[in-house]
Amino acid sequence: MSVQVTTLSNGFRIVSEHMPALDSATVGIWIEAGARHEAEDQNGVAHFLEHMAFKGTARRSALQIAEEIEDVGGYINAYTSREMTAYYVRVLKPDVALALDVLADIVLNPAFEAREIEVERSVILQEIGQALDTPDDIIFDWLQETAYPSQPIGRSILGPSAQVARFTEDDLRRFVSAHYGPGQMILAAAGAVDHDALVRMAEGFFGHLAARPAHPAASARFHNGERREDRMLEQAHFTLALEAPDYRSEEFYASQIFANALGGGMSSRLFQRLREDRGLCYTVFAQSGAYFDTGMITIYAGTGAEEVGELAELTIDELKRSAEDMTEAEVARACAQMKAGLLMGLESPSARAERLAKLLSIWGRVPDISEAIARIDAVSMQGVRRHAQGMLRESHMALALYGPIKRAPRLLHLSERLAA
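Thresholds, definitions, all that
Residues numbered from 1 in each chain as written. Predicted model: local features only at pLDDT ≥ 70, side-chain atom pairs only at ≥ 80, totals over all residues. Heavy atoms only, no water. Helix = DSSP H or I, 4+ residues; strand = E, 2+ residues; numbered from the N terminus. Rg over C-alpha atoms; globule rule 2.2 N^0.38 Å. Buried < 20%, exposed > 50% of the residue type's maximum accessible area, 1.4 Å probe, protein only. Areas by Shrake-Rupley, 256 points an atom, 1.4 Å probe, with all protein chains shown as cover. Core = buried A, V, L, I, M, F, W, Y, C linked by side-chain atoms within 4.5 Å. Contact = heavy atoms within 4.5 Å. Expected span 1.5 Å × (residues − 1). Phe/Tyr/Trp six-rings, centres within 6.5 Å; stacked < 30°, edge-to-face > 60°. Lys NZ or Arg CZ within 6 Å of the ring centre and 35° of its normal. Salt bridge = Lys/Arg side-chain N within 4 Å of Asp/Glu carboxyl O. Axes fitted to C-alpha atoms, helices over the stretch in contact; angles between N-to-C directions. Parallel < 35°, antiparallel > 145°, perpendicular 65-115°, else oblique. Nonpolar A, V, L, I, M, F, W, Y, C, P; charged D, E, K, R; others polar. Left-handed = near helix turned anticlockwise from the far one by under 90°. Polar contact = N/O pair within 3.5 Å; in protein donor to acceptor, adjacent residues only side chain to side chain. Pairing = 2+ DSSP bridges.

**Comments concerning the overall build of the protein chain**
And then number 1: Summing up its helical and strand segments, the protein chain has 16 helices and eleven strands in all.
And then number 2: Compactness check: the protein chain gives a C-alpha radius of gyration of 23 Å against a globular reference of 22 Å for 420 residues, within 12% of the reference.
And then number 3: Projected onto its principal axes, the C-alpha positions of the protein chain cover 65 × 45 × 40 Å.
And then number 4: Here the protein chain holds 420 residues, and 54% of them are scored as buried.
And then number 5: By element, 50% of the accessible surface of the protein chain is carried by carbon and sulfur atoms, the whole surface being about 18,200 Å².

Here is the structure:
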């Protein structure tokens, strides 16, 4: 399987990987614009724009967009993250041209009809309301905002309801004009695809676009802080964040492996200590996420009102202990889990296409999977301990709590326990 990359004269990039055993393909347009590219008064517009792409173009109604893909048994969807917006389709091999035609149409020619804007506004407001009613969902937005206060990367992807209620067609078009240039777009495809054919089609659909200057996102800066929302819920939702490396950092894989060993599965330290040994929670995990200039290890647990204090303190204790006595076996297990996750993901053309787009955006090329495997294998027990000790020594932490949390300790207490 070989990856091929072509860049048109206007900066539009095409990356593909042919998977000869497949009769299907995933084709998508990834745009280097997400929530962190929004001005404060635009928060939520990137996500609103993603929704509007499916609400009709000059050539197709919303129903026709859905029918043309589903008539051939395909699947179409989109998502907005803090750094990217993606529109993608999975179809059978004979329908790749149709898929790209529809994708180009919804990305380049959205109609933004007044009635459809109002309909989708109502849908998004319902989505925001649903998120606010889901504690183990909204708590992560609060943690992000606490770790990155008054910064674009700290704001929610959905945006505040009051702001979403005011967005106009002009707001949508202004964001498109600033961030949907050909140099910010990547056509990524994997599966039963022919790269040369994709390039020819891309030239026809996107080659006429004039290059535009990019508008980079504001830089991020992690802060200490806490947010507490005391509510009458069945569970107290506990989240703790520590500053971690960005995805270009030499420490990236050490951070991923440390988080995995700490709380990445049933054999992890947090799962064994907090759930299996002490019975303090049903769900507990740790994960490491990264952006182009920052990163964050996130720990989450749901627990009872009486147990939240003990759970918080034991979490800090496990963090400290892990940095000092993480074993060779734990690091080897975490490495094996990471490598298996990477390789299993390659079996899906959708995951593979997403990987192609993201790696091309990050590195300007698509490193072979063997490079990632080699970097994981190069992480030693001593390297993980050293990384964890440095991270904890800096003691940059953010805390967000939601539910019956009167017994939960303050961030200052947890920081002092960490430093003791």
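There's plenty left to go through after this.
**A few points about the nonpolar core**
And then number 1: Among the nonpolar cores identified, the biggest contains 56 residues, and Leu240, Leu242, Ile257, Phe258, Ile299 and Leu319 are the most heavily contacted of them.
And then number 2: In terms of residues, this core owes the most to one element, helix α9 (residues 252-263), which gives eight residues.
And then number 3: Among all residues touching Ile257, those that are not within four sequence positions of it are Val331, Ala334, Cys335, Met338, Ile376, Val379 and Val384.
And then number 4: Of all hydrophobic cores here, the second largest spans 51 residues; its members include Ile29, Met52, Tyr87 and Ala104.

**Digging into α9**
And then number 1: A rise of 1.5 Å per residue sets the reference length of α9, with its twelve residues, at 16 Å; its end C-alpha atoms lie 17 Å apart and thus fit the reference within 8%.
And then number 2: Along α9, twelve of the twelve residues are buried, which leaves the element largely enclosed by surrounding structure.
And then number 3: Along α9, the positions that sit buried rather than exposed are Phe252, Tyr253, Ala254, Ser255, Gln256, Ile257, Phe258, Ala259, Asn260, Ala261, Leu262 and Gly263.

**Some thoughts on the packing of aromatic side chains**
And then number 1: Evaluated as defined, the whole model comprises eleven aromatic pairs.
And then number 2: Pairwise contacts between aromatic rings join Trp30, Tyr79 and Tyr88 into one cluster.
And then number 3: Above the plane of the ring of Trp142 lies Arg227, whose end atom (NZ or CZ) is 4.1 Å from the centre.

**Examining the pattern of salt bridges**
And then number 1: Counted according to the given criterion, the structure contains 34 salt bridges.
And then number 2: For the salt bridge of Arg13 with Glu32, the shortest nitrogen-to-oxygen distance reads 3.0 Å. Of this pair, Arg13 sits in strand β2 (residues 13-18) while Glu32 sits in the loop between β3 (24-31) and α1 (45-52), placing them 19 residues apart in sequence. The residues Arg13 and Glu32 share a single accessibility class, namely buried.
And then number 3: Of the charged contacts in the structure, one is a salt bridge between Arg60 and Asp101, with a shortest N-O distance of 3.7 Å. Placement of Arg60 in the loop between α1 and α2 (62-70) and of Asp101 in helix α3 (residues 96-108) is noted, with a sequence separation of 41 residues between them.
And then number 4: Linked through salt bridges whose partners overlap, the residues forming this network are Arg269, Arg273, Glu318, Arg321, Asp325 and Glu330.

**Observations concerning the packing of α1 against helix α7 (residues 169-179)**
And then number 1: Where α1 meets α7, the closest approach of the two axes is 10 Å, and the angle between their N-to-C directions is 100 degrees. The angle between the axes of α1 and α7 places the two elements in the roughly perpendicular class. Where α1 approaches α7, its residues Val45, Ala46, Phe48, Leu49 and Met52 are matched on the opposing element by Asp171, Leu172, Phe175 and Val176.
And then number 2: Partitioning the contact of α1 with α7 into residue classes produces eight nonpolar, no polar and one charged.

**Some words on the packing of helix α10 (residues 269-277) against helix α11 (residues 308-325)**
And then number 1: Close contact between α10 and α11 brings their axes to 10 Å; oriented N to C, the two are set at 145 degrees. Judged by the twist between their axes, the crossing of α10 over α11 is right-handed. For the pair formed by α10 and α11, the contact residues are Arg269, Leu270, Arg273 and Leu274 on the first element and Leu311, Leu314, Thr315, Glu318, Arg321, Ser322 and Asp325 on the second.
And then number 2: Partitioned by chemical class, the residues of the contact of α10 with α11 number four nonpolar, two polar and five charged.

**Points about the side chain of Ser249**
And then number 1: Tracing the chain through its elements places Ser249 in the loop between β8 (236-244) and α9.
And then number 2: You can call Ser249 buried: its relative accessible area is 18%.
And then number 3: In this structure the side chain of Ser249 is engaged in a polar contact, spanning 3.0 Å, whose partner is the backbone nitrogen of Glu251.

**Examining the sheet that holds strand β11 (residues 397-403)**
And then number 1: Taken in spatial order, the five strands of this open sheet run β7-β11-β8-β10-β9, and their pairing is mixed. Two strands bound the open sheet, and with one partner strand each, they are β7 (225-230) and β9 (281-290). The average angle at which neighbouring strand axes cross in this sheet is 10 degrees, direction not considered.
And then number 2: Across six bridges, the pairing between β8 and β11 is antiparallel. For Leu240, the partnering residue across the bridge sits in β11 and is Leu399.

**Thoughts on unusual backbone geometry**
And then number 1: Phi at Phe112 is positive, roughly 55 degrees, even though this residue is not glycine.
And then number 2: Along the chain, Phe112 falls in the loop between α3 and α4 (114-132).
And then number 3: Judged by relative accessible area, which is 3%, Phe112 ranks as buried.
And then number 4: At Ser150, a residue that is not glycine, the phi angle is positive and equals roughly 55 degrees.
And then number 5: Relative to the elements of secondary structure, Ser150 occurs in the loop between α5 (135-147) and α6 (161-164).

By themselves, these are just geometric observations and shouldn't be taken as functional.
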